[in-house]
Amino acid sequence: MGEDWRSMSAAALGRGIGAGRIDPRDLTEVFLGAIEAHPASDRIYARLTPERARKGASAAAARARSGTLLGPLDGVPISWKDNYDIAGEATEAGSRLLAGRVAVKDAPAFAAATAAGLVCLGKTHMSELAFSGLGVNPVTATPPNAIEPGRAPGGSSSGAAVSTALGLAAAGIGSDTGGSVRIPAAWNGLAGLKTTAGQISCEGVVPLSTTLDTVGPLCRTVEDCALIYGALMGRKPEAPQPAALKGARFLVPETSVLEGCDPEVSAAFEAALEALAEAGARIARADVPEIAEALDVGARISGIVNTEGWRLWGDLIEANPGVMYDRIEKRFRMGQGGTVEKDREALEVLAGLSRAVQARMAAEGPMLMPASAILPPPVDRLLADEAFYAERNMMALRNTRLGNILTLSALTVPTAAPMVGLMIVAGPDQEAPLLALGRAIEPVVG
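## Some details on empty space enclosed by the protein
Phase 1 of the analysis: Inspection of every chain in the model, using the stated rule, returns 1 cavity of 30 Å³ or more.
Phase 2 of the analysis: Taken together, Asn-83, Ala-130, Ser-175, Asp-176, Thr-177, Val-205, Val-206, Leu-208, Asp-213 and Thr-214 make up the full set of residues lining the largest cavity.
Phase 3 of the analysis: A breakdown of the residues in the lining of the largest cavity according to their chemical character gives 4 nonpolar, 4 polar and 2 charged.

## Notes on the pattern of salt bridges
Phase 1 of the analysis: Throughout the structure, instances matching the rule amount to 23 salt bridges.
Phase 2 of the analysis: A salt bridge links Glu-92 to Arg-47; its shortest N-O distance comes to 3.2 Å. Of the two residues, Glu-92 sits in the loop between strand S2 (77-81) and helix H6 (108-115) while Arg-47 sits in strand S1 (residues 45-48), which places them 45 residues apart along the sequence. This pair shows no difference in class: Glu-92 is buried, exactly as Arg-47 is.
Phase 3 of the analysis: Its salt-bridge partner being Arg-101, residue Asp-85 comes within 2.9 Å of it at the nearest N-O pair. Placement of the pair is Asp-85 in the loop between S2 and H6 and Arg-101 in the loop between S2 and H6, with a sequence separation of 16 residues.

## Quick word on the side chain of Glu-290
Phase 1 of the analysis: The topology assignment puts Glu-290 in helix H11 (residues 289-300).
Phase 2 of the analysis: This buried residue, Glu-290, is left without a salt bridge; Arg-360 holds the nearest opposite charge, at 4.8 Å.
Phase 3 of the analysis: The residues contacting Glu-290, other than those within four sequence positions of it, are Leu-353, Ala-356 and Val-357.

## Some words on the packing of aromatic side chains
Phase 1 of the analysis: One pass over the structure, following the stated rule, counts 4 aromatic pairs.
Phase 2 of the analysis: Centroid distance Trp-80 to Phe-110: 5.0 Å. Interplanar angle 65 degrees. Geometry classified as edge-to-face. One end of the pair, Trp-80, is in strand S2; the other, Phe-110, is in helix H6, with 30 residues separating them in the sequence. Exposure class is identical for Trp-80 and Phe-110. Each is buried.
Phase 3 of the analysis: Measuring from centroid to centroid gives 4.7 Å for Phe-131 and Phe-332, while their planes differ by 65 degrees, and the two rings are edge-to-face. Of this pair, Phe-131 sits in the loop between strand S3 (119-124) and helix H7 (158-165) while Phe-332 sits in helix H13 (residues 326-333), placing them 201 residues apart in sequence. No difference in accessibility class separates Phe-131 from Phe-332, as the two residues are buried.

## Looking at the pairing of strand S4 (residues 172-175)
Every regular strand shows the same layout, with side chains that alternate between the two sheet faces.
Phase 1 of the analysis: Across the two faces of S4 the burial is the same, with Gly-172 and Gly-174 and Ile-173 and Ser-175 all buried.
Phase 2 of the analysis: The pairing of S4 with strand S6 (residues 215-219) spans 4 bridges and is classified as antiparallel. Note on S6: the bridge partner recorded for Gly-172 is Leu-218.

The rules we used
- Starting from 1, residues in each chain are numbered consecutively following that chain's sequence as written.
- The predicted origin of the model limits local features to residues at a pLDDT of at least 70 and limits the giving and counting of side-chain atom pairs to 80 or more, whereas totals for whole chains, interfaces and linings rest on all residues.
- Values shown for side chains rest on all heavy atoms present in the structure; no hydrogens or waters enter the calculation.
- Here a cavity is any set of points on a 1 Å grid over the protein atoms alone where a 1.4 Å probe fits but cannot get out, and a pocket is any open set with protein on both sides within 12 Å along at least 5 of 7 lines; a residue lines the site when it has an atom within 4 Å of a point.
- Grid points are joined across faces, edges and corners, and a volume is the space filled by probe spheres set on the points.
- Residues are grouped as follows: Ala, Val, Leu, Ile, Met, Phe, Trp, Tyr, Cys and Pro are nonpolar; Asp, Glu, Lys and Arg are charged; all remaining types, including Gly, are polar.
- We define a salt bridge as a side-chain nitrogen of Lys or Arg found within 4 Å of a carboxyl oxygen belonging to Asp or Glu.
- Secondary structure counts use DSSP, requiring at least four H or I residues in a row for a helix and at least two E residues in a row for a strand, with both numbered from the N terminus.
- Note on classification: 1.4 Å probe, protein chains only; a residue is buried when its accessible area is under 20% of the maximum for its type, exposed when over 50%, partly exposed between these limits.
- Only four residue types enter the tally: Lys and Arg on the positive side, Asp and Glu on the negative side, with His and both chain ends excluded.
- Contact criterion: two residues are considered in contact whenever any of their non-hydrogen atoms come within 4.5 Å of each other.
- Stacked, edge-to-face and tilted are the three classes for Phe, Tyr and Trp ring pairs, Trp counted by its six-membered ring, which pair at centre distances within 6.5 Å; planes under 30 degrees apart are stacked, over 60 edge-to-face, the rest tilted.
- Strands qualify as paired when DSSP identifies two bridges or more between them.

So, in structure tokens, the structure goes:
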């Protein structure tokens, strides 16, 4: 059954545990064994936590025997991005700048997931300090794309995605500041949820932007996203029933989010829209000028991630020349001239644009767009060509970062085309209806 377990959703594994068909101890050993046997495991996992995993699995097995399971995910093994603090474990966030940094207490998100019975297999590799949408990290490791190993895995939650897609974890926990859950989810054939900023505590998560950082899961199914989202929120994990698609309204913004897409992405997106229309959805196409205005705020006023990132890490970067990957360091240094006042001005402008976009969605439905405008680029070319790296990174992030700078919720689901995700964007704190829509959309477009 081991191979079957590795391809099952977290929800299905939880149901197997609840029905007595799966022993959490056996399940954990299957995953640990698969990780040990995989030839790229050291490029996917930064470090494993086998003792912690076995202890958690044994506790879950005891609860299963006594009929006191903590919920539908009790005993399910998952991975954690290496920017989450776990007491007694190293948290280095993909950077030699943080080598040897050991957490003294658990991040609240980790504590909440553990309280739901989720079992920690280990910490996964990531883009350095979470500052890239490509997932390429020559300083520590670059995980292979799960579908085409020579391509970029997506970032910054690269290992979280690949560990899940390759059956080396039942799900992965990542973080998303500009697309770092949704891009690797899309490029590895997964569902990924970007939560509303501030909804799940980022305490104990190595920061990139205190304004835009969010916590989110990367999963095989939207149902898994919903259950793990509930666990991370510290409440009983529940998945909403799929919404009705017949008569459901959606808005496709005829704006910059559709420009410059790879042909495969455009074709997959149009095929997904056609499938939704055939299922009874009502899809309107319209100009949403606020989107282009929002994407321009960074250039006109302030690139908030750059300026906040430099304020957080600039002193450490300056004190350790040559330690950071030079392309990531250059992105941080772009924030040197920023000010708190300019950040505040940018956020005020973005708040107004967000209100306008939310009003459009209230009238015309959630927005649909490609999760990433591009397919994952070849890693070799990214490493060899700095200009190509910079251009592809910004194109990878263009659509997803709208959800962050406009403080929205968003979900990507796989389409029928490999490495292409369909992103559904909703207002802030709309995760429940968003996940219900995602459950309905997933089988139609995938």
